[in-house]
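Letter by letter, the chains look like this.
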Amino acid sequence: MISIALPKGRLGSSVYARLAAIGYGCPGMEEDNRKLIFEDGEKGVRYILVKPSDVAVYVEHGAADVGIVGYDVLLETDPDVFELLDLGIGVCSICVAAPVGFEDLHQAPLRVATKYPRTAKSHYAGKNRAIEIIPLHGSIELAPIVGLSDVIVDIVETGTTLKENGLEVTERIVGSSARFIANKSSYQFKRAGIEAMLAGLEAEA
Amino acid sequence: MTGYVEWEDRVTHALTDLYRSYGYGRYRMEKFEPYELYSEHKNYLKSSVITFPDSSGRLMALRPDVTMSVVRSAAPGEELKVYYSENVFRQERDTQEYREIRQIGLEYIGGETGYPEAETLLLAARSLECIGGPFALCVSNMDLVGALLAGQAQEPDVTKRVLQAIRRRRPHTLKDLPVPETVREKLHTLVTLPGRAEDALAALRLMDDGSLAAPIEELQTVADVLRKAGFGGQIRVDFSILNDTDYYNGISFAGYMDGVPKAVLSGGRYDSLMHRFGKPQGGIGFAVYLGELERRLRTSPETDADVLLVCGQASATEILDAVRRLTEQGCTVRACRKAPEGFRAARTVRLEEVAE
């Protein structure tokens, strides 16, 4: 049995479609219900639906053998897991964005609103720029508009949300996409099953 | 069924007996040490050291590691074989939490080339066997990666990125590395080595242009030793377990147990660490992290004792006599005047029932 931690939401649905297409479908997964665990004993798979930012936690601690997670989350949390494949979906970038026309005058620490504090700190440390992190969990774009921060560090897919809120990308920190990850110990003992799944996903990618 | 604590005692005895049988002596160390002993080698420890001032204001550390202490205690050129069973104390860099970690392990300082690897790897495999259950012993060779990158890593960042790609099995990140195509192909082989040790060694030989012969041979020797000892099914050649390149060199290895999410054993050759402390001889060793196994074995004992001995108004001497007779039969005993509520015993006996 291979346990798969799948992120709830759009990314999880598209990855599940790929997994189902290569023979890892599971009854009930496509139904509209609130169940969080689905299992198919015959196919030897169990799906665990979790918050996208928690996928790597489940995999690192062995509650799931494999999982699908954005590179942005891996970069931020640095879990001790194998990162076996870039699925090439959920493509986006982690960017610095600021109100249109914003100029950093370097007269005070830059106030950065983000849900990626580690990534933001590392980015600005590399530029030797003093910052103040304002940790947020959602609606990051709001922060500069209401004066909570000078800039934001967030994932940008198309840039539409930024544009609608009067913001623009000022720097691209790193690209991100969905990754297929595995627990290091599970990989030793369920290697054949994990590699079969990996090969199927690679072919689909 | 016994609980985790009883299991840990049993495994500790089995492991220390095993190490003693191969001529290792017990190494003991203080819990408190001057911080300056560790401040220069903070990178060796993956976690932060827990510090506090002593009464004279000197900064002290709670023992964060055993290997470094053994290395310091060895005389230059001395051959030293020691085992230890100690708790170490660390502050996690991410969570800032203090952790007490149970470590049992051994260090083989000095010795002829080749034999220490064979003996240490064999004892690592036998340690995992002692713990019980399916296990995998992954072996790699740091020198092979060094030889592969020799003359390549002009930018310091490249080595770091290569090691990350190998440790995390990230073949898709190799395409961005500024290395020649031939090196990239070899790195890809390293990251995607097959599971069986013999297949992995064959794949390594295929990519050898002569510069990798010695480290591959070393891996082959270790694989042969383990196979002859009956561990052929458990050994893997796997470079994802590479240690820190500043302190370790040569063979490095890690052990995994089925159902335990993290490595339960970690070790390797650390000649570079020895040289940093001015010791010309080499060293190799490993530690078993029993705490990692706790979750798998976190089962409450079904009973608190084998026998609940209800003694009524008997004298202390009579009670002690009865307890002795029962313990001589191999039972664990809880003696009491009247049966305590909620106590779980396999059987309850009254003092009068314990025959002379």
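Conventions and cut-offs
- Residues numbered from 1 in each chain as written.
- Chains lettered and ligands numbered in written order.
- Predicted model: local features only at pLDDT ≥ 70, side-chain atom pairs only at ≥ 80, totals over all residues.
- Heavy atoms only, no water.
- Helix = DSSP H or I, 4+ residues; strand = E, 2+ residues; numbered from the N terminus.
- Buried < 20%, exposed > 50% of the residue type's maximum accessible area, 1.4 Å probe, protein only.
- Areas by Shrake-Rupley, 256 points an atom, 1.4 Å probe, with all protein chains shown as cover.
- Lys, Arg positive; Asp, Glu negative; His and termini not counted.
- Charge placed at Lys NZ, Arg CZ, Asp CG, Glu CD.
- Contact = heavy atoms within 4.5 Å.
- Phe/Tyr/Trp six-rings, centres within 6.5 Å; stacked < 30°, edge-to-face > 60°.
- Lys NZ or Arg CZ within 6 Å of the ring centre and 35° of its normal.
- Pairing = 2+ DSSP bridges.
- Axes fitted to C-alpha atoms, helices over the stretch in contact; angles between N-to-C directions.
- Salt bridge = Lys/Arg side-chain N within 4 Å of Asp/Glu carboxyl O.
- Buried area = accessible area lost by both parts, 1.4 Å probe.
- Polar contact = N/O pair within 3.5 Å; in protein donor to acceptor, adjacent residues only side chain to side chain.
- Nonpolar A, V, L, I, M, F, W, Y, C, P; charged D, E, K, R; others polar.
- Expected span 1.5 Å × (residues − 1).
- Core = buried A, V, L, I, M, F, W, Y, C linked by side-chain atoms within 4.5 Å.

(A) Structural view of the overall build of chain B. Within chain B, the secondary structure is distributed over 11 helices and 14 strands. C-alpha extents for chain B along the principal axes are approximately 85 × 55 × 40 Å. Residues counted as buried form 50% of the 356 residues belonging to chain B. Counting only carbon and sulfur atoms, one obtains 49% of the accessible surface of chain B, whose full area is about 16900 Å². In chain B, the 45 positive side-chain charges and the 52 negative ones have mean positions that sit 3 Å from each other.

(B) Quick peek at the overall build of chain A. Helices and strands together make up the secondary structure of chain A, namely 8 helices and 11 strands. Once the C-alpha set of chain A is aligned to its principal axes, its extents read approximately 65 × 35 × 30 Å. Relative to its full complement of 205 residues, chain A shows a buried share of 48%. Pairs at least 24 apart in sequence give 67% of the contacts found in chain A among residues at least 6 apart. Here chain A holds 20 positive side-chain charges and 28 negative ones, and the gap between their average locations is 2 Å.

(C) View of the packing of aromatic side chains. All names here are of chain B. Following the criterion strictly, the structure yields 10 aromatic pairs over all chains and no others. Ring centres of tyrosine 108 and tyrosine 115 lie 6.5 Å apart, and the angle between their planes is 70°; this geometry places the pair in the edge-to-face category. A residue is classified by how much of its surface remains accessible, and tyrosine 108, at 4% relative accessible area, is buried. Over the face of the ring belonging to tyrosine 38 we find arginine 72, whose NZ or CZ atom lies 5.4 Å from the ring centre. Over the face of the ring belonging to tyrosine 247 we find arginine 276, whose NZ or CZ atom lies 4.5 Å from the ring centre.

(D) View of the sheet that holds strand β14 (residues 345-350) of chain B. Residue and element names in this part refer to chain B. On the basis of which strands lie adjacent, the open sheet formed by 3 strands has the order β13-β12-β14 and parallel pairing. Across the chains shown, the open sheet's two edge strands, defined by having one partner strand only, are β13 (333-336) and β14. Direction aside, neighbouring strands of the sheet carry axes that sit 20° apart on average.

(E) Here's a closer look at the pattern of salt bridges. Taken as a whole, this structure holds 34 salt bridges over all chains when the rule is applied. Note that arginine 179 of chain A and glutamate 83 of chain A form a salt bridge whose closest N and O atoms lie 2.7 Å from each other. With arginine 179 of chain A in strand β11 (residues 178-182) and glutamate 83 of chain A in strand β5 (residues 82-86), this residue pair connects regions lying 96 residues apart in the sequence. Its relative accessible area of 3% is what places glutamate 83 of chain A among the buried residues. With its nearest N and O atoms 3.2 Å apart, the salt bridge here joins aspartate 199 of chain B to arginine 196 of chain B. Within the structure, one salt-bridge network assembled from shared partners comprises Glu83, Asp86 and Arg179 of chain A together with Arg170 of chain B.

(F) Highlighting the sheet that holds strand β2 (residues 32-34) of chain B. Residues and elements named next belong to chain B. One open sheet holds the 3 strands; their spatial order is β2-β4-β3, and the pairing between them is antiparallel. Whereas interior strands pair on both sides, the edge strands pair on one side only; in this sheet they are β2 and β3 (51-53). Neighbour to neighbour, the strand axes of the sheet diverge by 40° on average, direction disregarded. As paired strands, β3 and strand β4 (residues 59-62) are joined by 3 bridges and run antiparallel to one another. Residue threonine 51 lies in a different strand from β4, and its bridge partner there is alanine 61.

(G) Focus on the interface of chain A and chain B. Of the residues lining the interface, 22 residues belong to chain A; the matching set on chain B comes to 24 residues. A buried area of about 1800 Å², summed over both sides, lies between chain A and chain B, and 44% of it is on carbon and sulfur atoms. Seen at the junction of chain A and chain B, the total is 2 salt bridges. Of the charged contacts, one joins glutamate 83 of chain A and arginine 170 of chain B as a salt bridge, the two residues approaching to 3.1 Å between their closest N and O atoms. Across the contact surface, chain A and chain B share 11 residue pairs in polar contact (both at pLDDT 80 or more). Broken down by secondary-structure element, the contributors of at least two residues to the side of chain A that touches chain B are β5 and α7 (184-189) of chain A. Its residues placed into classes, the side of chain A that touches chain B shows 8 nonpolar, 5 polar and 9 charged.

(H) How the structure looks around helix α8 (residues 191-204) of chain A. Between its first and last C-alpha atoms α8 of chain A spans 20 Å; for 14 residues at 1.5 Å apiece the expected length is 20 Å, and the two agree. Among the residues of α8 of chain A, those classed as buried are Arg191, Ile194, Met197, Leu198, Gly200 and Leu201 of chain A.

(I) Spatial organisation of the nonpolar core. All names here are of chain B. Of all hydrophobic cores here, the largest spans 93 residues; its most connected members are Tyr19, Leu137, Leu190, Leu204, Phe239 and Phe253. At 7 residues, the largest contribution of residues to this core is made by helix α4 (residues 115-131). Setting aside its immediate chain neighbours within four residues, leucine 137 contacts Leu121, Ala124, Ala125, Leu128, Leu226, Gln234, Ile235, Arg236, Phe253, Ala254, Gly255 and Leu265.

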